[in-house]
Amino acid sequence: MIEPKWQQTWEQQQAFRAFNPGDEIPAHHPFAVRHGADSMSREKVAGRQAPPKFYILDMFPYPSGAGLHVGHPEGYTATDILARYRRACGFNVLHPMGWDSFGLPAEQYAVKTGQHPRVTTEANIANFTRQIKSLGFSYDWSRELATTDVEYFKWTQWIFLKLYNSWFNPKTNSAEPIETLEYPKELQLVSDWNQLVYRSAPGEIISKEQEDDFKKEFQEDWNRDREKRRREYRDSKRLAYVSEAPVNWCPELGTVLANEEVIDGKSEVGGFPVIRKPMRQWMLRITAYAEKLLADLDTIDWSDSLKEMQRNWIGRSEGAVVRFKASQNDVEHIIPVFTTRPDTLFGATYLVLAPEHSFVKSLTTEAQRKAVAAYLDSIKAKSDLERTELTKEKTGVWTGSVATNPVNGQQIPIWIADYVLASYGMGAIMAVPAHDTRDFEFAQKFNLPVIQVVQPHDPMKDWRGYTDDGIAINSTGPDVFITGLFTSEAKTKIITWLETNGFGYKTINYKLRDWLFSRQRYWGEPFPIIWKKGPSGQPPYHEALPESALPLLPPTLEDYKPTPGGEPPLARAKDWLNLPDGSIRETNTMPQWAGSCWYYLRYTDAKNAQAFVGKDADSYWMASNGKAAGVDLYVGGTEHAVLHLLYARFWHKVLFDLGYVSTPEPFYKLVNQGLILGEDGQKMSKSRGNVVNPDDVLVEYGADAFRLYEMFMGPLQDVKPWNTKGVEGVYRFLGRVWRLFVDEKAETAFEQAETLAAENAEQRQELLDLILLDGGVTEIDATAAQLKTLHACIKKVTEDLDAMRFNTAISAMMVFVNEAITWQNKPLPVMKTFLQLLAPFAPHLAEELWARLHSTFGLRSSSLPYAPWPKFDPALLVESEIEIPVQVNGKFRDVIKVAADADNATIEATAKAAEKAQPFLAGKTIKKVIIVPKKMVNLIVA
RNA sequence: GCCGGUGUGGCGAAAUGGCAGACGCACAGGACUUAAAAUCCUGGGACCAUAAAAAGUCGUGUGGGUUCGAGUCCCACCACCGGCACCA
C-alpha cells in the first residue's frame, strides 16, 4: 500500500528529472534545494561548478507481448540503486528508460491478424511501463523514447544519410563527407574546359564561337561518361553501399539475416533454416573501423571476457599475401593467397581454392572438368549446416592445373575444397600440410606430399602437424633462404623478399565482415533512398533523399506479407513506392539494431527537434569526468556482446569522426548481469514451466522485497537460480526493519482494523495513522557502541556500492538491524542515517519511515533521495582492545586479547602465555616469532 | 580444438596471503499460543570421542609447489558454464 503512494509522490514531484545544461530548475525541486536553482546554468556548467554528472544506463528492452521477466529487473535494480546512491552523493544523475520497439513479433502478429504493428507495440509498451513503474525505479520518464517514434527514427534515418554520404579516408584514418573523396586521375572532372586542348585539322580555320562550342561539346561528352563512372566509384566508397553478394536468406522469416544472427545455419530468432542466396543488399562498411574498434577496447572498462569476445569477432591476424602464378590455356593467372605463416612457404605442397573462387572455371583442365563439376554440385546440395559440420571429412578435387611456388619454382597442384572459405582472406590458400592441421588432414586423405619446414623447439615433438613456432629447416631456394631462422625472423625475411620481388606483401586480415544492413520487413525504418532509372539500357542507380524529406514514414498496408514475387512488404504500397518522376523507393527496411545504435545519445537530449542531439547536452553527459569518456555505467545482458555493442561503437565512431559527438567511445564502463535461472536450476522457459513472473512476486512481497532479493541472490555478474524462499527471507528482513521503527501493539491494532476495512482504500489510508513509532526511538545521543555499529555499516555499504557488491551491502544492513533491534534506546540520528543507507535498496519503505520520523519529531520534511549520503568516521571504528589469533607452527591454536596499540614484545609475551597454545609449546624451544601487527602471531617451535 | 570464466556446508553465498563458512535459505530444538500462522531464542562442515562436553584430526574440484602461514599466489590436471569454431 505504501509503494504506490511513494511512486505517485515521486512522479508528482518529478523527483528524478535530470537537468541539462541551461535548463531552468523549479526552485522547489529537491535537486534545486540541494544544489541551487541555477546550478545547471550554462556558466556554471562551463565553469564546472555544476554538480558532476553521472550517466547510468540500462539496455532498453524489446517490449514483447510476454511482459517483463525476472531477468529484466535484475539489471534495472542494480542501476537504480546506484543511480539513487549517486544522487545522494551529489551527482546530477541521468537515468533514463525507453523501448527498442521495432521488431519481428509485432510484424508477425500483423501478418496473421492485419493489426498494425504500431498498435501491438504500443499496447506492449504500456504493459512494460506499468510493470517497470511498479518497481519504483528512479527513471527520468520525461526522456522516455521508443525507436518506433517518428521523432526518433527520423534521426535514425538522418544518421543513415550521414553514413551514406561519408567515406573512410585511409590517409586521415577517419570517416569524412563524401565530398572530400579523391577520385583516381582518370575520373577527375574537367572543370575548366579551357584547359582542354582543341586540335583543329591542319589548315582548318574556325571561329572563336565554333571553338567554344566544340570545347563545350567535348567537355560534356567527357564528363557525361565520367559522371557515371565517378558515381560508381563514389558509391563503391560510401560507408553505406549496395552489394550483390550472397546473403543469409531465411525463407521462413522472409528476410535476410546478418552473419551474427545466424547460428549453426539456423536463424537466431526462431531457429529456422537459412540458405545462401545472392541478393541486392545494403551494407555498412564496419570493416573500415576494424582496427579502431579493436584498439579502443583498451581505453574502456569492460570485462576481459567481453573484450575478448569482441576481439575474436574482429579477428585480426597479421600475415602476408603471396602471389602464385599459374598458366592455363595460355592465360596467365595470378592467384593471391593469404597466410599467417609466410615462413612455411617452402612447405607449400599444393594450393586450394574455395569452390566459389572466380578462377575455378578457368583453371580447370578439360580432363578434370567433369570431376570438378560433380564436386561443385555435391557442395551445392549440402546445406550450410552440413558445410560447417566440424567432424566431417575433408573433401576436394584437383583442377588439373598447377601453380609455381615463387620461392623455389616448384610446380604444385591447385585443388578445390570447401574447407577453404570464399569470404575470408583471398578465398584461396597455400597448403602447408606439415604445419597446419587442416592441410595435414587433407593431404593425408588425398596422398599429397608433406614436407617439414619447421623444427619444433622440443626435438622429441613430432613435426607432423606441428603448428607452433620453431626453427625453419629445408627452406633454402635459389634466391632466398630462411633455414635456421626462428619463425618470427623467418617471417620478416621472407616478407621482405616477397615485397622486393613483387611476389607478395605484408598485410592484416580481419574476420569481421561488413554489416548487412537491410531487411525485407515492414516494421523497421524505411531507407531514405530512391532508385533512379538509368539512361536507356543502363541499370538504375540510387540516390539519397535530402534531410528535409525526413522522416520518411512507412506506408499503411492491408497486408504485411511479402509480395507474391518475393518483394518486401513495402513494395505492396504502389502509390508510396512509385514517385512522379518514375523513380522508385527503396523497399528494404533497417534491422532492429539501427535504433539501438544511438538511443543512449538521444536520452541526453530527448526532445531536441533541431538535431539528433545537441552539442551542449552531448558534451555534458558524455564528458570524461576525469576518466575515459562516455556513459559512466551501462548494464545489460551478455547476449549483446558482439551485436549491439559492436554496432553501437561503430556508429559512435563514425559520428565522432564527422564531428557530431564529442567522444570516441559510447560506453565507458560496462557490466553484464548474470542470467537468472528457474528454481530448478534450469534456464527459465515456458516449456519447462519454471518462469517466474515479477507481477506475482510483487503482489506477494512488494517491490522493495523483490528489489532486495534480486540483489541479495549473489554477485550481479553471476548466473544464479531463483528461490522463492529467499524472497521470503529478505521480506522478513524488511519486516524487522519496520518493527525496528514501529510500535508493535499499534501495528497489531492497525492490522486488525485493516482487515475490517479492506475494501475501502481511503479508509485504509487513514488507518495508517494508527501506526505509531516505536517508543524506543528517541532524540538521545548515541552510545559509542551504537555509533560503531552504524559507522561500520556506513563503511561497508558505501564501499560495496562503489564496487557494485550489492549482496554484501545488504548483508551489512542485516547485521546492523540484528544488532539495533536489541537496543532499548534507538537514537534518532542513527536511525535516520540507517534509512539513508537503506533507501537506494528499498526506497518505498525507507521513504515511509523517513516521513514518519520527520513528522513524529516535528522535523522539517526533507527529500530522502537528495539527502547527502552519510560519511563514516574511521575514528569511531577504532578498537581499544583487539583479538589476535595465535598460531603455533602455522596452525591456529588460540586467540589473545591485547590493547590495539600493544607493542610486539607485549604481543609476543601474551601469545606465549596463551592457554590453549601451551600443550603445543611444552618442552619445545621457540625458534622464531612472526608478528603481523594487529593481525596475528605465529610461534615457530622446533 | 581455441579463448574467457567458475569450482567453498543440504542450498544462495562471504572471506586486503593471517580464526574458512559472515549474511540469508532450508533444517532441528525451544519460547509465546487452546492450536496454527507470525514473531522471538538456541543449534549447526565432516570425522573421532563422550552421558554431555572439552581437547584433537581432517576440510574450499584433484595433484604438486612457493610461504612462518594458501580458499586466496605459481605449475599441471579434472569438471562445469559462456563465447568462437575448417578464419589459413
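Residues numbered from 1 in each chain as written. Chains lettered and ligands numbered in written order. Predicted model: local features only at pLDDT ≥ 70, side-chain atom pairs only at ≥ 80, totals over all residues. Heavy atoms only, no water.

Asks: Account for the overall build of chain A, with residues named and values stated.
Replies: Each helix and strand counted, chain A has 31 helices and 36 strands in total. When the 942 residues of chain A are sorted by exposure, 52% land in the buried category. Contacts in chain A between residues at least 24 apart in sequence constitute 69% of all its contacts with a sequence separation of at least 6. Within the structure as shown, chain A displays about 43,500 Å² of accessible surface, and the carbon and sulfur contribution to it stands at 53%. Between the averaged position of the 106 positive side-chain charges in chain A and that of its 120 negative side-chain charges there is a distance of 3 Å. (Helix = DSSP H or I, 4+ residues; strand = E, 2+ residues; numbered from the N terminus. Buried < 20%, exposed > 50% of the residue type's maximum accessible area, 1.4 Å probe, protein only. Contact = heavy atoms within 4.5 Å. Areas by Shrake-Rupley, 256 points an atom, 1.4 Å probe, with all protein chains shown as cover. Lys, Arg positive; Asp, Glu negative; His and termini not counted. Charge placed at Lys NZ, Arg CZ, Asp CG, Glu CD.)

Asks: Lay out the nonpolar core in plain terms, naming residues and giving numbers.
Replies: Within the largest apolar cluster, 90 residues are counted, with the highest numbers of intra-cluster contacts made by Trp722, Phe741, Phe806, Met813, Leu838 and Phe841. Per-domain counts for this core show at least three residues from each of domain 1 (2–161 + 597–695) and domain 5 (722–875). Listed in part, the 78 residues of the second largest apolar core include Trp282, Ala290, Tyr620 and Phe667. (Core = buried A, V, L, I, M, F, W, Y, C linked by side-chain atoms within 4.5 Å. Domains from an automatic or database assignment.)

Asks: Give a description of the packing of aromatic side chains that names residues and reports values.
Replies: Within the structure shown, the criterion is met by 53 aromatic pairs. Measuring from centroid to centroid gives 5.9 Å for Phe102 and Phe153, while their planes differ by 50°, and the two rings are tilted. Here the residue Phe102 occupies a position in the loop between β3 (98–99) and α5 (104–113), and Phe153 occupies one in helix α7 (residues 150–164), the gap between them amounting to 51 residues. Ring geometry for Phe338 and Tyr424: centres 6.2 Å apart, planes at 80°, overall edge-to-face. In this pair, Phe338 sits in strand β15 (residues 331–339) while Tyr424 sits in the loop between β18 (411–416) and β19 (428–431), placing the two residues 86 residues apart along the sequence. We classify Phe338 as buried; its relative accessible area is 8%. Put simply, the rings of Phe160, Tyr164, Phe168, Trp282, Tyr289, Trp515, Phe517, Phe527, Trp593, Tyr647, Phe650 and Trp651 touch in pairs and so form one group of aromatic residues. (Phe/Tyr/Trp six-rings, centres within 6.5 Å; stacked < 30°, edge-to-face > 60°.)

Asks: I'd like a description of the environment of Ala46, backed by residues and values.
Replies: Inspection of the secondary structure puts Ala46 in helix α3 (residues 42–46). Residue classification places Ala46 among the exposed residues on the basis of a relative accessible area of 66%.

Asks: Give me the lowdown on the side chain of Lys307, citing residues and values where you can.
Replies: Here Lys307 is to be found in helix α10 (residues 304–314). Asp298 provides the closest opposite charge to the buried, unpaired Lys307, separated from it by 5.2 Å. Of note is the side chain of Lys307, whose polar atom sits 2.8 Å from the backbone oxygen of Ile300. When sequence neighbours within four positions are dropped, the list of residues in contact with Lys307 reads Leu297, Asp298, Ile300 and Trp302. (Salt bridge = Lys/Arg side-chain N within 4 Å of Asp/Glu carboxyl O. Polar contact = N/O pair within 3.5 Å; in protein donor to acceptor, adjacent residues only side chain to side chain.)

Asks: Outline the environment of Lys720, listing residues and values.
Replies: Counting through the fold element by element, Lys720 comes out in strand β30 (residues 720–721). Its relative accessible area of 5% is what places Lys720 among the buried residues. For the pair Lys720 and Lys683, spaced 37 residues apart in sequence, the C-alpha to C-alpha distance is 9.9 Å. Sequence-distant contacts of Lys720, that is, excluding residues within four places in its chain, are made with Glu74, Gly674, Leu675, Ile676, Leu677, Met713, Gly714 and Pro715. Here Pro715 takes part through its backbone oxygen, which lies 3.0 Å from a polar atom of the side chain of Lys720.

Asks: Quick one: what's the story with the pattern of salt bridges, residue by residue and with numbers?
Replies: Under the definition given, this model contains 40 salt bridges. Across the pair Asp296 and Lys653 runs a salt bridge whose closest N-O atoms are separated by 2.4 Å. Here Asp296, found in the loop between α9 (290–295) and α10, pairs with Lys653, found in helix α20 (residues 644–657); they are 357 residues apart in sequence, far enough to count as distant. A salt bridge links Asp800 to Arg805, with the shortest nitrogen-to-oxygen separation between them at 3.0 Å.

Asks: Which residues make up the sheet that holds strand β28 (residues 670–672), and what values go with them?
Replies: Each strand in a sheet pairs with another by means of backbone hydrogen bonds, the pair being arranged parallel or else antiparallel. Here we have 4 strands laid out as an open sheet, ordered β2-β1-β27-β28, and parallel in their pairing. Two strands close off the open sheet at either side, each with one partner strand: β2 (92–94) and β28. This sheet shows a mean twist of 20° between the axes of neighbouring strands, independent of strand direction. In this structure, strand β27 (residues 633–636) lies alongside β28, joined through 3 bridges in parallel fashion. For Tyr634, the partnering residue across the bridge sits in β28 and is Leu670. (Pairing = 2+ DSSP bridges. Axes fitted to C-alpha atoms, helices over the stretch in contact; angles between N-to-C directions.)

Asks: Outline the packing of helix α4 (residues 71–88) against helix α25 (residues 784–802), supporting the account with residue identities and numerical values.
Replies: Close contact between α4 and α25 brings their axes to 11 Å; oriented N to C, the two are set at 120°. In this structure, α4 crosses over α25, and the sense of that crossing is left-handed. Seen from α4, the contacting residues are Ile81, Leu82, Tyr85 and Arg86; seen from α25, they are Thr798, Leu801 and Asp802. Here the residues of the contact of α4 with α25 sort into 4 nonpolar, 1 polar and 2 charged. (Left-handed = near helix turned anticlockwise from the far one by under 90°. Nonpolar A, V, L, I, M, F, W, Y, C, P; charged D, E, K, R; others polar.)

Asks: Give me the side chain of Arg87: which residues, what numbers.
Replies: Within the element layout of this structure, Arg87 appears in helix α4. For the buried Arg87, no salt bridge exists, and the shortest N-O distance to an oppositely charged side chain is 5.6 Å, to Asp80. Ignoring any residue separated from it by four or fewer positions in sequence, one finds Arg87 in contact with Phe16, Arg34, Val93, His95, Ser138, Pro865 and Tyr866.

Asks: For unusual backbone geometry, give the residues involved together with the corresponding values.
Replies: Cis geometry marks the peptide bond from Leu550 to Pro551, where omega comes out at 0°. Note on placement: Pro551 falls in the loop between β25 (541–544) and α16 (574–577). Positive phi outside glycine occurs at Gln14, with the angle close to 50°. Take Gln14: it is sitting in the loop between α1 (2–13) and α2 (30–35). A residue is classified by how much of its surface remains accessible, and Gln14, at 40% relative accessible area, is partly exposed. One non-glycine residue with positive phi stands out, namely Asn889, at about 50°.

Asks: Explain the confidence of the model for chain A residue by residue, including any values.
Replies: In this model, chain A carries a mean pLDDT of 88, and residues with pLDDT of at least 70 account for 92%. The model gives residues 754–758 a pLDDT under 50, and that stretch makes 7 contacts with residues more than four places away or in other chains. (pLDDT = per-residue confidence, 0-100.)

Asks: Can you tell me about the pairing of strand β35 (residues 926–932), naming the residues and giving the values?
Replies: Residues in a regular strand point their side chains to alternate faces of the sheet. Bridging between β35 and strand β36 (residues 936–941) involves 6 bridges; their strand directions are antiparallel. Opposite Val929, over in β36, you have Leu939 as the bridge partner. Between β35 and β36, which follow one another and run antiparallel, lie 3 residues, and Lys934 among them has a positive phi close to 65°.

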